[in-house]
Amino acid sequence: DPASSVFRWYKEAKAGAAEPEGGGPSSLSPSSPSAGWTETGVNERVYTPSNADIGLRLKLHCTPGNGQRFGPSRELESVCPVEAGPGTCTFDHRHLYTKKVTDDSLIRTVSYNLLADTYAQTEFSRSVLYPYCAPYALELDYRQNLIQKELTGYNADLICLQEVDRSVFTDSLVPALEAFGLEGVFRIKQHEGLATFYRKAKFTLLSQHDISFHEALESDPLHKELLEKLVLYPSAQERVLQRSSVLQVSVLQSTKDSSKRICVANTHLYWHPKGGYIRLIQMAVALAHIRHVSCDLYPDIPVIFCGDFNSTPSTGMYHFVVNGSIPEDHEDWASNGEEERCNMSLTHFFKLKSACGEPAYTNYVGGFHGCLDYIFIDLNALEVEQVIPLPSHEEVTTHQALPSVSHPSDHIALVCDLKW
């Protein structure tokens, strides 16, 4: 049990003073640190290096305990010395608003597209998409450190992430966020997927109801009516069913009050600029499925729907979500030209609004900037207590655009405190 274990952090007395040992854990007793190491004075599981540690290696000494007894001690040395960070990051001033975990009446919620390594490491990304970004700042090791630093600093209760590589989820996010009291679930898409983390002190996971849009549309009777409309437009139907987008839905229960439950949905809609009608249909499937979970399976539980919706506030998708309907003559039904036009009117019964409003942009790259990410909340059950301000335009453009040495993704995290 980490809470009952004893942690001690050491650093080299001077650079290179402590010769690296064979790399395996050794079992020195805490009272006799080996030569060349000095105590840092930090006796917690997490240690945040300071400028004074640059150039020095670190060592963690742990005596595992379970509240009744202690086991044999182990220690582990860092492979390389502490390196200088990027200086001020785009999220540093945002952390001033999120220094503490919120009280039980609030739910601090984060939605963030992390930029999957799969997409960041291509020749196309380096030369065309992000030519302004220093190559080392696109490396996964570098970005993972910034992502961990950013996410842990928000002290969130709920974190919905998009474009998460499986290895990033397992090897980086789970251990880092677990050390700060969060537990997570993952849903793969193809090369990357969605992750939802929740604070264990506030929530337990009751059930998961993830779907793949194209599979649900074809096989779930819930979407029979929508499929019947779509069948009338064969070329549009084919395009919709080719997409691999998924929806992650988790039902959480308050640990303090078991009558309080919440449905947390997370998605990343199809990205193509001309895919407006595909996003409309994906959204219709998503909302019908969320309704099934939050009305039929768990009657009347509130909904938080996060994601990268690849839609600005002027699009049909956004109009549909916040107004509850979309007419069949909306221009987005012909977003990919007349031959794929698929006119249909859609409705949903939720009362949803964007908790963080409509910022000028949540995605800022060389050739484009716009608001694509939202935290949609159920107006019948939730209200916004505060929205954590986004980085200033000056901060975002310090290194021309995103990602950069001081910002790990091409998107900006949305962070807000919601009240039951």
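On a predicted model such as this, the values are computed, not experimentally measured, just so you know.

Visitor: Hey, could you run me through the overall build of the protein chain in this one?
Guide: Of regular secondary structure, the protein chain possesses 11 helices and 21 strands. Against the compact-globule benchmark of 22 Å for 420 residues, the protein chain has a radius of gyration of 24 Å, which places it among compact chains. In terms of its C-alpha atoms, the protein chain occupies a principal-axis envelope of roughly 75 × 50 × 35 Å. Looking at the 420 residues of the protein chain, the share that counts as buried comes to 51%. Here the contacts in the protein chain between residues at least 6 apart in sequence split such that 75% fall between residues at least 24 apart. Total accessible area on the protein chain is roughly 18,700 Å²; 52% of this is exposed by carbon and sulfur atoms.

Visitor: Looking at this model, I keep getting lost on the pattern of salt bridges. Mind explaining?
Guide: Should the charged atoms of two oppositely charged side chains come close, the side chains can pair. Evaluation of the coordinates by the stated rule reveals 15 salt bridges. Two residues, E178 and R45, come together in a salt bridge whose shortest N-O distance is 2.9 Å. Note that E178 is positioned in helix 5 (residues 166-178) and R45 in the loop between strand 2 (37-39) and strand 3 (58-63), a separation of 133 residues in sequence. By relative accessible area, which is 30% here, E178 ends up partly exposed.

Visitor: Whenever I open this one, the domain arrangement of the protein chain confuses me. Can you help?
Guide: Reports often express the size of an interface as the amount of accessible area lost when the parts come together. Per the domain assignment, the segments making up the protein chain are domain 1 (1-84) and domain 2 (90-419). Taking the mean C-alpha position of each, domain 1 and domain 2 sit 38 Å from one another.

Visitor: How should helix 9 (residues 276-297) be read in this particular structure?
Guide: Note on helix geometry: an α-helix contains 3.6 residues per turn, so any two residues three or four positions apart are oriented the same way. Between the first and last C-alpha of helix 9 there are 30 Å, a value that for 22 residues agrees with the 32 Å anticipated at 1.5 Å per step. Judged by how many residues are buried, helix 9 sits mostly within the fold: 16 of 22 residues are covered.

Visitor: Is there a simple way to think about the pairing of strand 3 in this case?
Guide: Across a regular strand the side chains alternate sides, sitting on one face of the sheet and then on the other. Across the six residues that make up strand 3, a large majority, five, are buried. With four bridges connecting them, strand 3 and strand 4 (residues 74-77) associate as antiparallel partners. Within strand 4, the residue paired with C62 across the bridge is R74.

Visitor: So what exactly am I meant to see when it comes to the confidence of the model for the protein chain here?
Guide: Interpretation of this model should avoid reading the predicted coordinates in detail wherever pLDDT is low. Residues with a pLDDT of 70 or more make up 96% of the protein chain, whose mean pLDDT is 95. Counted against residues more than four places away or in other chains, residues 23-31, with its pLDDT under 50, gives 19 contacts.

Visitor: What exactly am I supposed to notice about the packing of helix 8 (residues 234-242) against helix 9 here?
Guide: When two helices pack together, you describe them by how their axes are tilted relative to each other and by the distance separating the axes. The contact between helix 8 and helix 9 brings their axes to 10 Å, and the two run at 65 degrees. As summarised for this structure, helix 8 and helix 9 are arranged roughly perpendicular, according to the angle between their axes. With respect to the hand of their crossing, helix 8 and helix 9 are arranged in right-handed fashion. Residues A236, R239 and V240 of helix 8 form the contact with helix 9, whose participating residues are Y277, I278 and I281. Broken down by class, the residue content of the contact of helix 8 with helix 9 amounts to five nonpolar, no polar and one charged.

Visitor: Before we go on, may I ask you to explain the sheet that holds strand 4 in this structure?
Guide: By definition, the strands of a sheet pair up through backbone hydrogen bonds, in either a parallel or an antiparallel sense. Taken together, the four strands give an open sheet; going across it, the order is 2-1-3-4, and neighbouring strands pair in antiparallel fashion. Unpaired on one side and paired on the other, strand 2 and strand 4 mark the two borders of the sheet. Averaged over all pairs of adjacent strands, the angle between strand axes in this sheet comes to 30 degrees, irrespective of strand direction. One ladder, built from three bridges, connects strand 1 (residues 6-12) with strand 2; its direction is antiparallel. When the bridges of strand 2 are listed, K11 appears paired with T38.

Visitor: How should I be thinking about the UniProt feature "domain: Endonuclease/exonuclease/phosphatase" (unreviewed entry) in the protein chain in this particular structure?
Guide: Those places that UniProt annotates as "domain: Endonuclease/exonuclease/phosphatase" (unreviewed entry) correspond, in this numbering, to residues 111-411. For residues 111-411, the end-to-end C-alpha separation is 10 Å, with 33% helix and 26% strand making up the annotated structure.

Procedures and definitions
Residues numbered from 1 in each chain as written. Predicted model: local features only at pLDDT ≥ 70, side-chain atom pairs only at ≥ 80, totals over all residues. Heavy atoms only, no water. Helix = DSSP H or I, 4+ residues; strand = E, 2+ residues; numbered from the N terminus. Rg over C-alpha atoms; globule rule 2.2 N^0.38 Å. Buried < 20%, exposed > 50% of the residue type's maximum accessible area, 1.4 Å probe, protein only. Contact = heavy atoms within 4.5 Å. Areas by Shrake-Rupley, 256 points an atom, 1.4 Å probe, with all protein chains shown as cover. Salt bridge = Lys/Arg side-chain N within 4 Å of Asp/Glu carboxyl O. Domains from an automatic or database assignment. Expected span 1.5 Å × (residues − 1). Pairing = 2+ DSSP bridges. pLDDT = per-residue confidence, 0-100. Axes fitted to C-alpha atoms, helices over the stretch in contact; angles between N-to-C directions. Parallel < 35°, antiparallel > 145°, perpendicular 65-115°, else oblique. Left-handed = near helix turned anticlockwise from the far one by under 90°. Nonpolar A, V, L, I, M, F, W, Y, C, P; charged D, E, K, R; others polar. UniProt positions renumbered as here; feature names shortened; annotations may be inferred.

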